[in-house]
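Here's the letter readout for the chains.
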Amino acid sequence: MRFERLTRAFAGVLLFAAAAGQGAAEDWPAFRGADGDGLSNERGVIPADGGVALEVRWRRPLGSGYSGVAVAGAHVVTQAVDGEGDVLVALDAADGELRWRVRLGPTYPGHDGSHDGPLATPAVGDGAVVGLGARGELVAVELETGALRWRRDLPTDSKARKPHYGFSTSPRVVDGQAIVALGGYRRAVASFDLDTGDVRWVGGSDLIDYQSPMLWRRGDGVRLLAAGNGRLMSLDPSTGEEQWHYLHEGGGTRGSYSLTPVPAGENRLFLAHRDEGSALVRLDAETGAPFEVVWEGRTIRNSYASAIFLGGHLYAYSSRFLTAVDAATGEARWRSRRAGDGFLIGVDGHLVIQAKDGRLRVVRASPVEYDERASIALFDDVSWNTPSFSDGAVYSRSLSEIARVEVGSRPSEARVSATSWSPVWKRLLASVEGSPEPGQVIDAFLAARPGGPFFEDGAVHLVFRGAARDVVVAGDVVGARRELPLQRLGETDLFFRTLDLPQDAVVSYLFFVDFEARLDPRNPRTAVNTVFGDDLEPVLAAEREMSVLSVRDASALGVPAPASPGADGGSAADLRPPTAGSLDSLSFESRRLGRRVDTTVYRPAGVGAGRELPTVYWLGGRDALRWGAAAASLDRLLAGGLPAVQVVFVLESGAGVLGPLEGMLVDELVPLVESRGGVVARRDQRALVGMGWDALAAARIGLKRGDVFGFVALQSVYALTAPEGGLEAWARPASDPPRVYLDWGAYDLRNTHEAWSTVEDNRRFDRALRDAGVTVVGGEVAAGSSWASWSLRTDLWLEDFLRQSR
């Protein structure tokens, strides 16, 4: 059996060596290759001319995990979940069959956006494999058999601090040592004897989160580079002695916390050390220590993916698009979204890119333009790892599979054609191609479908027309930190995207046209979204105007234009009827919060001061008044026959101050409001309300203090900062729980490439509340995360509260 595997492997090598003119094969022994620079030394493995073929040699199921792939001869090594726990595994490079597995520990559960399983990439060298589990289980085993050499527990044995997401630093094997970043004062990096596991040395001084040590080969020898949260350190790999350190002054999880220095020319290092920027620094050639900044800028930023240096240029992800940057000046040469968000390495003058959506690409490393040579849809699942390259083949994995892909010289899969388009675009393309005036055909087509997106053939179609090279759509329709490209109709200036959305959907979106954010110029419906920041990252207290896809009349949204809030911080004056309710300020000094608290009290028109009303306490009231037109909505609903109600808008956001906020509401604000009269001082007459970030605070306080609030209304609870165990940990309220209205959108804040979704959070929360015996009404709707959708359902929760409070 073993002989047959070796025979097949040898035949495969001969086949592709003949096809591609392959040079000497080399191992890929650790994270980002032999030195950690992400470059392969193999030459002649990717055809310089003609088509490039990507052929899957084998594909095997593999459990979840972020670990990359190390390759040494006939062994392919990685880490994953096997159904019983986290394991270090070796597969046969020829056919992917399991050679051995070694238990690391129990399954490490994903949390706060991460998936289950190990995170570090194992390292191979000197006949051994070194693996590191997410809890700090460091093991060394025999490469051939998987027999254990030794095992260490880094938190116990080396006092290493486990980072929030778990140990992610990838080991490196150097001259009989297993070198691992630990983090700490005078012990940032440690060396373990590869045979015994004994500590040889510790060196450097800095906190370490998700960075991995690498080797830097210079004329004066080999140095170990270790990036920390505040320092870049050069250590002697044989003794651990610090040769120099550089204070890079970076920060952020997509900056210094995951920093990989990239050698970028003689005595130069590229550092993506900040979430919002990066720099090229130069080492003083004489002293070998102090650095000077050559350039600093934003052309490469906001990505976990490490850059590649080839031919005087840096190729890297900046946010979610691939970019080529002149390493000498920091100037961008081109940007492209076609590669998809992912991770890259450099092979034979090309970039090998594994996108998170599962697609594998080979792109020529050209400073002139994005030049894709080959592409295959490799995985159906999310792929979150840097690919590896050895012996003319790419090794990559997803959260459920691992594969070997051979590189050859046959044509790859065909380009996507109009045959995959929906009927409406096929018909239009045929009309355009058959007309001497294609522009007039498009004019007539759009004139018959005014108002932006349109529904036809059972789907919704987004349309952009204009001079552009790259058009994508982002927002609720895709989720945070993602976008979908629009397709060009033939050679025209019309771009489109067909989406499967129900006709009653209410979602926010933006176009990015040649990387600049734009509202849909054909769509008059807009609303302010308080979720998405720059690059549509989820942020607290954002204010971004976005286009709204909705078949309902724009006036039904009840949302004022972004530039026209009322002077009182409430809704625009032209939305309020002549019989509008009053909006009065109520402020006080809060001892619980240690600052002044401002509120706005809404009282219905025609209701005397002596009449006692139910009271709604609305968290995040400034946004509700300004962007949700809450006062105008109340005017309209009460004029339509809804019972009178007083609403106290707590203007500031309550996110992040749950304990003090609870005391302020219960001990200060509620007594103050009720001391003024005009309200019923009973729990069944009080409601607590919140949307988005503020729904999290309303959920916690309302469920905990059922003695004060008899009704809680929640829309799209953002649980990204919920306690360990998620929202379900709050689903067991006091003995007399409040009635809960909970609704959320099927297109709420989420990211399918990362392991977080407020849609799933709210679904689980809803089930947990019901299982705990809480009365829950509401449910999932076809909507996204914005006031354009929340404000349309104000009547539902308010009517339910007032009906129960009678």
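Here the structure is shown first, and the text comes after it.
Okay, so let's go over this structure. Keep in mind that what you see is a predicted model, and the values were worked out from it rather than measured.

Here we look at the overall build of the chain
Each helix and strand counted, the chain has eleven helices and 52 strands in total. The burial tally for the chain puts 60% of its 806 residues in the buried class. Sequence separation of at least 24 residues holds for 61% of the intrachain contacts in the chain that already meet a minimum separation of 6. Surface summary for the chain: the accessible area is close to 30400 Å², and the carbon and sulfur share equals 49%.

A few points about the environment of Arg469
Among the structural elements, Arg469 can be located in the loop between strand E34 (459–465) and strand E35 (471–475). Overall, Arg469 belongs to the exposed group, its relative accessible area being 75%. On a C-alpha basis, the gap between Arg469 and Arg488 in space is 9.1 Å, while along the polypeptide they are 19 residues apart. The contact partners of Arg469, leaving out residues within four places of it in the chain, are Arg488 and Asp514.

Focus: the pattern of salt bridges
In this structure the tally under the stated criterion is 48 salt bridges. Residue Arg217 pairs with Asp35 through a salt bridge whose shortest N-O separation is 2.9 Å. Taken together, the positions of Arg217 in strand E14 (residues 214–218) and Asp35 in the loop between helix H1 (2–20) and strand E1 (53–61) put the pair 182 residues apart, joining distant regions of the chain. On the basis of relative accessibility, which here comes to 14%, the residue Asp35 falls in the buried class.

Comments concerning unusual backbone geometry
You will see that Asp126, though not glycine, has its phi angle at about 55°, which is positive. Tracing the chain through its elements places Asp126 in the loop between strand E6 (123–125) and strand E7 (128–132).

Quick notes on the sheet that holds strand E4 (residues 86–92)
Whenever strands of a sheet pair, they do so through backbone hydrogen bonds, lying parallel or antiparallel. Reading across the sheet, the four strands line up as E2-E3-E4-E5 and stay open at both edges, with antiparallel pairing between neighbours. Each having just a single partner strand, strand E2 (70–72) and strand E5 (98–105) make up the two edges of the open sheet. If you compare each strand with its neighbour and ignore which way they point, the axes differ by 25° on average. Strand direction decides the pairing type here: E2 and strand E3 (residues 75–81), joined by three bridges, are antiparallel. Paired with Ala70 across the bridge in E3 is Val77.

About the criteria used
- Residues numbered from 1 in each chain as written.
- Predicted model: local features only at pLDDT ≥ 70, side-chain atom pairs only at ≥ 80, totals over all residues.
- Heavy atoms only, no water.
- Helix = DSSP H or I, 4+ residues; strand = E, 2+ residues; numbered from the N terminus.
- Buried < 20%, exposed > 50% of the residue type's maximum accessible area, 1.4 Å probe, protein only.
- Contact = heavy atoms within 4.5 Å.
- Areas by Shrake-Rupley, 256 points an atom, 1.4 Å probe, with all protein chains shown as cover.
- Salt bridge = Lys/Arg side-chain N within 4 Å of Asp/Glu carboxyl O.
- Pairing = 2+ DSSP bridges.
- Axes fitted to C-alpha atoms, helices over the stretch in contact; angles between N-to-C directions.

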